[in-house]
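# Report on the structure
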Amino acid sequence: MADNDSSEYVAELALSLKMQVKFESYTALNLLLPTVILTHLFCSPYTKVEESFNIQAAHDILRYGVPLSNSSSIIADKYDHVDFPGSVPRTFVGAVLLAGTSMPFSSFFGSPDQLQLLVRGILGLTNAAALWHMRHAVETAYGRAAGRWYILLQVSQFHVMYYASRTLPNMFAFALTTIAQRNLIMVKSMASRTARGAKRRRLALYLLTIAGIIFRSEVAILLAAETGYLLLQHRVSLRNEVIPAGLTGAAIGLLATVSIDSFFWQRFPLWPEFVGFYYNTILGKSSDWGTSPFHYYFTNALPRLLLNPMILLVCIPTALQSKALQKTTKDILLPHALFIAIYSLLPHKEWRFIIYSVPAFTAVASSSAGWFWHRRSKSLFYKSMNTLMVVSTLGSFATSLGLLYISSLNYPGGEALNRLHQRKIAEKNETVRVYMGNLACQTGVTRFQQIRPNWVYDKTENETMLLEPMFWQQFDYVLAEEPQRVIGNWQPIDIVGGFAGISLKPGDEDDFAGGAEYQNWQALREDSYFLPLRHGPRTYLQYLRQSYAMIALFMRSRVTRGYWPVIKMEPKIYVLQRERPTLITLS
């Protein structure tokens, strides 16, 4: 009896440990999503002009609140969008949600630039939660192995991870469309129609309708494609589900956007997304930003978004051909393929317009990856495919990290203002006036970066004023991309570079640090550009960079005959200080 009890105890202990390991690995995979998204945020904390409206609006709401009394004068005097409205009005709904969610935590952050990280972090975690829910749908449709591969494939894709925390209207819509897609996959993977499935279909239609009305009008095409496919498959009731869900979603979306945006823009009634749709699509103004051929989304944008070549070349074709996978795969992919095909009719194209389809394509790819994984011991073919999946995913993740590093070098405006703040150039209560040029404002400068309360920050765009000598006399410092256009006597005190490409065999003019003085090891200095860094000198990073530089120089001079990949940088923003007139004393 004692031996039997002992054997049962060992078996239970082994089972308990096995379950614990599975739980920990499941949790670790789930934590990959927020961890990778936040890593991208902290490595590249600045924003660009496409994100500026929402990030500036979130700042203004946090800083000045929502003025319920004397609102017209307060908004006109304090809010950024009044002076810089853009070509069309944008919705404040996303900014209101971010600012409202951030407000309870704002007291824990010491400076405005940290609040920008908080605001973006909340958006990033929201999108991470949506992608985490997507994993549950993938597991329901294809099994647990596919769910694990979904996470691995998703976190190794650069664009979704990098932009998940960026305040583009597309990324506000992305959370809603991803949760909608999750519910649709849950419905499509079930053979029978149930009351719970009807609720999921209605929720998906609600979310897609709201996302299209408030944030991005192109989601309406995806909504039409999904609804039409469900109707053709006789999986949804037009009268009991589609029409009620569409009307309810439209009412919620219109009520939110018209009420909030009419208030902040002081124009009633205002539906910003319809104005943008009319301006860009009906009037065709979007073509002013460039056009692309019909096949661009399929041959260029989608492969870049998915990144891993195995997804399009192997995984999706396998899922479409496998009898066990093809039905659910077609149900998921066909509406998205139709959405992309219809949207390709518009001449102006950007990858972010189809980013809502990335989770769907990744979900289908993960089904094949899980298929290979389960059969890896059955034949050499499956073992080879599984090995290729592991290697390609690791390669995609390494590529994504490389793209993150390069992208972090594309924000010279934010870096220039940060460097100016780090200089001890004024007493605590002294007023300093800074002019920030157009490129600086497009590449990182936001109101969150204006951290000195006694400083005056100016970003005038009026060309007539910029030609007046008296205009420049009021400033102490200027961040300019063209210093020759700044009138007066100015001295450059810093130059901030930006990414200018990669050279495999650099010459002296674009060497590691930009000059022949770095050709010997003794000349290695803190400003070496072997691996350009975004921030100022930090001991451990400088040590790693200089160690890498020594290895690179040795390999280049002794082994590779001058070949070595080098990050090329070029001057982007000049930090200018006004020269004070010298006093001449008479003896």
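Up top is the structure these notes are about.
Remember, it's a predicted structure, so these values are computed and weren't measured experimentally.

Right, let's get into the overall build of the chain. Counting secondary structure elements, the chain contains 23 helices and five strands. Every one of the 587 residues in the chain was classed for burial, and the buried ones make up 48%. A sequence separation of at least 24 residues applies to 77% of the contacts in the chain between residues at least 6 apart. As displayed, the chain offers around 29000 Å² of accessible surface, 61% of which is attributable to carbon and sulfur atoms.

This part takes up the environment of G414. Within the fold, G414 resides in helix 19 (residues 412–422). Here G414 falls in the buried class, since its relative accessible area comes to 0%. In this structure, G414 is in contact with Y46, A440, T443, G444 and V445, ignoring residues within four places of it in sequence.

What follows concerns the layout of surface pockets. Gaps left between atoms are located by rolling a probe of water-molecule size over the structure's atoms. Each pocket or cavity is described by its volume, and for the second largest pocket that value is around 640 Å³. Looking at the lining of the second largest pocket, the elements that each hand over two or more residues are helix 2 (52–64), helix 3 (71–78), helix 4 (80–83), helix 6 (112–142) and strand 2 (455–458). For the lining of the second largest pocket, the per-class residue count stands at twelve nonpolar, two polar and nine charged.

At their nearest, the axes of helix 10 (residues 195–214) and helix 12 (residues 238–265) sit 8 Å apart, and the two run at 35 degrees to each other. Crossing handedness for the pair helix 10 and helix 12: right-handed. Per-class residue counts for the contact of helix 10 with helix 12 are 13 nonpolar, six polar and three charged.

Across the sheet, which stays open at both edges, the five strands sit in the order 2-1-3-5-4 with mixed pairing between neighbours. The open sheet has two edge strands, strand 2 and strand 4 (490–503), and neither has a second partner. Taking the axes of each pair of neighbouring strands and ignoring which way they run, one obtains an average angle of 20 degrees across the sheet. Direction of pairing for strand 1 (residues 432–436) relative to strand 3 (residues 477–480): parallel, over a ladder of three bridges. Each residue of the ladder has a partner; that of V434, found in strand 3, is Y477. Docked against the sheet, helix 19 engages strand 1, strand 2, strand 3, strand 4 and strand 5 (566–578), running at close to 145 degrees with respect to strand 4.

Moving on, we come to helix 2. Helix length check: helix 2, at 13 residues, gives a terminal C-alpha distance of 18 Å against a target of 18 Å (1.5 Å per residue), a fit within 8%. Burial of helix 2 is extensive: ten of the 13 residues sit out of reach of the surface. Of all the positions in helix 2, only F53, N54, I55, Q56, A57, A58, H59, D60, I61 and L62 are classed as buried. Packing partners of the buried residues in helix 2 comprise helix 3, helix 4, helix 5 (93–102), helix 6, helix 9 (169–188) and helix 12. Two residues or fewer past helix 2, G65 is found with a positive phi of approximately 75 degrees.

Cut-offs used in this document
- Residues numbered from 1 in each chain as written.
- Predicted model: local features only at pLDDT ≥ 70, side-chain atom pairs only at ≥ 80, totals over all residues.
- Heavy atoms only, no water.
- Helix = DSSP H or I, 4+ residues; strand = E, 2+ residues; numbered from the N terminus.
- Buried < 20%, exposed > 50% of the residue type's maximum accessible area, 1.4 Å probe, protein only.
- Contact = heavy atoms within 4.5 Å.
- Areas by Shrake-Rupley, 256 points an atom, 1.4 Å probe, with all protein chains shown as cover.
- 1 Å grid on protein atoms, 1.4 Å probe; cavity = no way out; pocket = protein on both sides within 12 Å on 5 of 7 lines; lining within 4 Å.
- Points joined across faces, edges and corners; volume = space filled by probe spheres on them.
- Nonpolar A, V, L, I, M, F, W, Y, C, P; charged D, E, K, R; others polar.
- Axes fitted to C-alpha atoms, helices over the stretch in contact; angles between N-to-C directions.
- Left-handed = near helix turned anticlockwise from the far one by under 90°.
- Pairing = 2+ DSSP bridges.
- Expected span 1.5 Å × (residues − 1).

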